[in-house]
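Residues per chain are reported as follows:
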Amino acid sequence: MGEVIGMTDLDTLPEILLMGPGPSAVPPQIYHALSRPTLGHLDPVFLTIMDEIKENLGTIYKAPAGSLTIPLSGTGSSGMEAAFANLVEPGDKVLVLINGVFGMRMQDVATRLRAEVDTLEFEWGTPVIPAEVKKKLANSNYDIVAVVHAETSTGVANPVAEISALLDELPERPLYLVDCVTSFGGMEVDLKKWQVDAAYSGTQKCLSCPPGLSPFALSPKAVQRLKNRKTKVPNWYLDVTMLVNYWEAGGGGARVYHHTAPINMLYGLHTALRLVLEEGLEKTFARHREAHSQLVSGLAGIGLEMFVDESCRLPMLNSVKVPDGVDEAKVRKSLREEFQIEIGPGLGPLAGKIWRIGLMGYTARPENVERVLSALQKSIEKA
Ligand SMILES: Cc1ncc(COP(=O)(O)O)c(C=O)c1O
């Protein structure tokens, strides 16, 4: 028998309080759901679970009637890839509004699909400015306009409703693609009101599931655009024209296998959606806002400043300025090793300059805010 070398004992994994940019803390009900017996991907009970997931996704997205709301097998980036791959045809004109890492990723994804990509960039840590977008849109004929709702790399909330209103002023409204990875389930997202045509999220943020699925939505207009494509969707795994045959009963009422669904992950998502709806959307959003206010005033109390202006701060992703002379990595190391708390570093141009403290889903509770504040103060004193 071969000797097993260096196998980490999963029974003694450390319990780390996840207060970074995701994944967030997972509640016991979701761990329980993940461990339920695996059913077949065409089992009638599982098909019912799938239907409930679709329905609840539509409710939380506030998707208009006739929308398609399904979870994709893959993390948030699979949703981004799917949104562009299904809606872009080579040569289509795409405008990406960029003020952080995930706007840049959108540009990369759309470019790889041979779209004609134009960008409008804003300083990281500040929001997209609608007046600038208006100028960019004048005399343009974009097929798609894309923006990140909650820019996790900076902690900024972008004005998605205002951008949507600008699209209405155009002779022909482009498709509106909005990244809801960090906002979904933690703050208002209203696909109907904002006339969003494609949206996607991830399970590991405000839904507090482990990473692995992407709640995805297409408006009736986007579904129609997909049906009218001249070319095949250039990505087999994320081709929504095929995925719908598994997620929705076709003509004969039968579901057609596409790929083996990640059954137990879907149990986790099913439970997460139920928990959000049982708490109620407004109460869930209020809990995120309250945890955020508690954190902001606690940080001020220990002499720390927020990086983003109050007017556009996200409740679930808090960027905090690293004080001069403090080694930010040393502080994070102390938080992880001495206090069993994970927070996030800054990315790209913000590396070394900010910490990112997540208050997402199950993490967004007063006791966690108190714990991180006390640990942060002690760790900074020592650093
Ligand atoms: C706004 C945003 N978009 C996209 C992604 C990509 O998601 P994932 O890392 O789950 O693939 C993230 C991840 O943090 C994100 O915050």
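Residues numbered from 1 in each chain as written. Predicted model: local features only at pLDDT ≥ 70, side-chain atom pairs only at ≥ 80, totals over all residues. Heavy atoms only, no water.

Thoughts on the overall build of the chain
Link 1 in the chain: Helix and strand counts for the chain come out as 12 helices and 14 strands.
Link 2 in the chain: Here the C-alpha coordinates of the chain stretch approximately 65 × 65 × 45 Å along the principal axes.
Link 3 in the chain: Within the span of the chain, comprising 383 residues, buried residues form 55% of the whole.
Link 4 in the chain: The contacts in the chain between residues at least 6 apart in sequence include a share of 72% that link residues at least 24 apart. (Helix = DSSP H or I, 4+ residues; strand = E, 2+ residues; numbered from the N terminus. Buried < 20%, exposed > 50% of the residue type's maximum accessible area, 1.4 Å probe, protein only. Contact = heavy atoms within 4.5 Å.)

Concerning unusual backbone geometry
Link 1 in the chain: Cis geometry marks the peptide bond from G22 to P23, where omega comes out at 5 degrees.
Link 2 in the chain: With respect to the element layout, P23 can be found in the loop between β1 (17-18) and α1 (28-34).
Link 3 in the chain: In this structure, S208 is a non-glycine residue whose phi angle is positive, near 60 degrees.
Link 4 in the chain: Looking at where S208 falls in the secondary structure, it is placed in the loop between β9 (198-200) and β10 (213-218).
Link 5 in the chain: Classification of S208 by relative accessible area gives buried; the value is 2%.
Link 6 in the chain: Phi at Q340 is positive, roughly 55 degrees, even though this residue is not glycine.
Link 7 in the chain: Mapped onto the secondary structure, Q340 falls in the loop between α11 (328-339) and β12 (341-342).
Link 8 in the chain: Given the relative accessible area of 30%, Q340 is considered partly exposed.

Looking at the domain arrangement of the chain
Link 1 in the chain: Domain assignment breaks the chain into domain 1 (15-25 + 281-382) and domain 2 (28-277).
Link 2 in the chain: For domain 1 and domain 2, the distance between their C-alpha centroids amounts to 27 Å.
Link 3 in the chain: Of the residues lining the interface, 28 residues belong to domain 1; the matching set on domain 2 comes to 29 residues.
Link 4 in the chain: Across the interface of domain 1 and domain 2, roughly 2100 Å² is buried in total on both sides, 68% from carbon and sulfur atoms. (Domains from an automatic or database assignment. Buried area = accessible area lost by both parts, 1.4 Å probe.)

Brief notes about the packing of helix α3 (residues 76-87) against helix α4 (residues 101-112)
Link 1 in the chain: Relative to each other, α3 and α4 sit at 45 degrees, their axes nearing to 10 Å. Classified by the interaxial angle, the pair formed by α3 and α4 is oblique. Crossing of α3 against α4: the hand is right-handed. Across the interface between the two elements, S77, M80, E81 and F84 of α3 pack against F102, R105, M106, V109 and A110 of α4.
Link 2 in the chain: Taken together, the residues of the contact of α3 with α4 sort by class into 6 nonpolar, 1 polar and 2 charged. (Axes fitted to C-alpha atoms, helices over the stretch in contact; angles between N-to-C directions. Parallel < 35°, antiparallel > 145°, perpendicular 65-115°, else oblique. Left-handed = near helix turned anticlockwise from the far one by under 90°. Nonpolar A, V, L, I, M, F, W, Y, C, P; charged D, E, K, R; others polar.)

Considerations on the packing of helix α10 (residues 281-301) against helix α12 (residues 366-382)
Link 1 in the chain: Running from N to C, α10 and α12 cross one another at 20 degrees; their axes reach a closest spacing of 9 Å. Here α10 is positioned roughly parallel relative to α12, judged by the angle of their axes. Regarding α10 and α12, the two cross each other, and that crossing is right-handed. Here A291, Q294, L295, G298 and L299 of α10 lie close against α12, whose contacting residues are P366, V369, E370, V372, L373 and L376.
Link 2 in the chain: The residue makeup of the contact of α10 with α12, split by class, is 8 nonpolar, 2 polar and 1 charged.

Considering the sheet that holds strand β5 (residues 144-148)
Link 1 in the chain: Taken together, 7 strands build an open sheet; the order of strands is β2-β10-β9-β8-β5-β3-β4 and the sheet is mixed. In this open sheet, the two edge strands, each paired with only one partner strand, are β2 (68-73) and β4 (116-121). Each neighbouring strand pair of the sheet contributes to a mean axis angle of 20 degrees, computed without reference to strand direction.
Link 2 in the chain: With 5 bridges connecting them, β5 and strand β8 (residues 175-179) associate as parallel partners. From the neighbouring strand, V145 faces β8, where its bridge partner is Y176.
Link 3 in the chain: Here helix α7 (residues 220-227) sits on the sheet and contacts β2, β8 and β10; the angle it forms with β10, its principal contact strand, is near 90 degrees. (Pairing = 2+ DSSP bridges.)

A closer look at helix α9 (residues 263-279)
Link 1 in the chain: With 17 residues, α9 extends 25 Å from end C-alpha to end C-alpha; this agrees with the ideal 24 Å at 1.5 Å per step.
Link 2 in the chain: Counting buried positions along α9 gives 12 out of 17 residues, so the element sits mostly inside the fold.
Link 3 in the chain: Buried residues of α9: I263, N264, M265, L266, Y267, G268, L269, H270, T271, A272, L273 and V276, and no others.
Link 4 in the chain: Taken together, the buried residues of α9 touch α1, α2 (44-61), β2, β10, α8 (240-247) and α10.
Link 5 in the chain: Backbone geometry just after α9 places G280 at a positive phi near 100 degrees. (Expected span 1.5 Å × (residues − 1).)

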